[in-house]
Amino acid sequence: MAHLEPEIRKAVAARLRYYNEMGIYDFYQRPAEQVLDQRFAASTPLEEPETMPRTKVVAAALKEDSLAEPVIARPESGISDPVEALRVIREDIGDCTRCRLHKQGRKQIVFGVGNPNADLMFIGEAPGADEDIQGEPFVGRAGQLLTNMIKAMGLGREDVYIANIIKCRPPGNRTPERDECETCSPFLMRQISVVAPKAIVALGAVAAKTLLAINAPMAELRGRWYDFRGTKLAVTYHPAFLLRDPRQKKETWKDLQMVMREMGLPMPSKGVE
Ligand code: URA
């Protein structure tokens, strides 16, 4: 990057600043020959294959640009206190207007709640009406069931960290749009990095598909471990779905037992009620 033309350097810096404003601070560079390969192979998928080696962009190169001061390090990096680091992320979100949801009736941003040092993190889809009013994830009916699921594991809400893929309530509780998930999830990624849980449970299809970038039915996604950026991730049914179809609680309990085994938690005999 150090040998870029000034105009290109300026454009790159402007693009990085734009990403910073979107909460994105992690940039990767593909080896040039792979970029060229992709450009000339018409049938090459646009997605980067999982196995492709990645090299972090060299931040120092842009420091030479006095016009642009994009930030390559996340604002919370170097902050060892997770409470403070999460506060910095929340501050970065501000009174967010990055997607359409800010003008579609959301009352407030629902950031996340729980133990900032939690070993276990639950990730749902989006705040509903109760969460929108109270500013806390999973406090409505589905939230009560999630609390029971956590209790069945021998834990309390205060032991885990709970967040959603998106932080604003979609109108009428509709499913979040893909672009809303893409715009909001960089902040969740940063929350995950700060909390650094040993395991993540993705609740429902939106959480699973956004985090894993896999499009498959829930019945296929659940019941096994995934690697999510070096952290174990399990998928289970969303509590709101379990309210509609309580027969699936049995399968959910199997998923939670798999998580408990992995985390070395004692196994109670009672399941999810
Ligand atoms: N459903 C979710 O996915 N998240 C909440 O916070 C509440 C309901």
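Summarised in this report is the structure supplied together with it. (Residues numbered from 1 in each chain as written. Predicted model: local features only at pLDDT ≥ 70, side-chain atom pairs only at ≥ 80, totals over all residues. Heavy atoms only, no water.)

### Some words on the site of the ligand
Stage number 1. If you check the shell around the ligand, you find Gly124, Glu125, Ala126, Pro127, Glu131, Pro137, Phe138, Asn164 and His238 and nothing else.
Stage number 2. Contact between the ligand and Phe138: an oxygen atom at 2.9 Å from a main-chain N or O atom of the residue.
Stage number 3. The separation between an oxygen atom of the ligand and a polar side-chain atom of His238 is 2.7 Å.
Stage number 4. Coverage of the ligand by the protein chains reaches 91% of its 240 Å² of free accessible surface.
Stage number 5. Tallied by class, residues from the shell around the ligand come to 4 nonpolar, 3 polar and 2 charged. (Near = heavy atom within 4 Å. Polar contact = N/O pair within 3.5 Å; in protein donor to acceptor, adjacent residues only side chain to side chain. Areas by Shrake-Rupley, 256 points an atom, 1.4 Å probe, with all protein chains shown as cover. Nonpolar A, V, L, I, M, F, W, Y, C, P; charged D, E, K, R; others polar.)

### A short note on the environment of Asp81
Stage number 1. Checked against the element boundaries, Asp81 lands in the loop between helix H3 (60-63) and helix H4 (82-93).
Stage number 2. Classification of Asp81 as partly exposed rests on a relative accessible area of 39%.
Stage number 3. Residues Asp81 and Pro116, 35 residues apart in the sequence, show an inter-C-alpha distance of 9.0 Å. (Helix = DSSP H or I, 4+ residues; strand = E, 2+ residues; numbered from the N terminus. Buried < 20%, exposed > 50% of the residue type's maximum accessible area, 1.4 Å probe, protein only.)

### Quick look at the pattern of salt bridges
Stage number 1. One pass over the full model with this rule turns up 18 salt bridges.
Stage number 2. Among the salt bridges present, the one from Arg157 reaches Glu136, with a minimum N-O distance of 3.1 Å. Taken together, the positions of Arg157 in the loop between helix H6 (141-152) and strand E5 (161-164) and Glu136 in the loop between helix H5 (129-134) and H6 put the pair 21 residues apart, joining distant regions of the chain.
Stage number 3. Residue Arg157 is classed as buried on the basis of its relative accessible area, which comes to 18%.
Stage number 4. The salt bridge involving Asp255 is made with Arg222; its shortest N-O contact spans 2.8 Å. Residue Asp255 is located in helix H11 (residues 249-263), and its partner Arg222 is located in the loop between helix H9 (218-221) and strand E7 (225-228); the two are separated by 33 residues in the primary sequence. Both residues of the pair, Asp255 and Arg222, belong to the buried class.
Stage number 5. Put simply, Arg100, Arg174, Asp179 and Glu180 are held in one network by salt bridges that share partners. (Salt bridge = Lys/Arg side-chain N within 4 Å of Asp/Glu carboxyl O.)

### A short note on H11
Because an α-helix packs 3.6 residues into every turn, residues spaced three or four apart end up facing the same way.
Stage number 1. For H11, which comprises 15 residues, the first-to-last C-alpha distance of 21 Å matches the rise-based estimate of 21 Å (1.5 Å per residue) to within 8%.
Stage number 2. Residues of H11 that are buried: Thr252, Trp253, Asp255, Leu256, Gln257, Met258, Val259 and Met260.
Stage number 3. Phi turns positive, to about 70 degrees, at Gly264, one or two residues after H11. (Expected span 1.5 Å × (residues − 1).)

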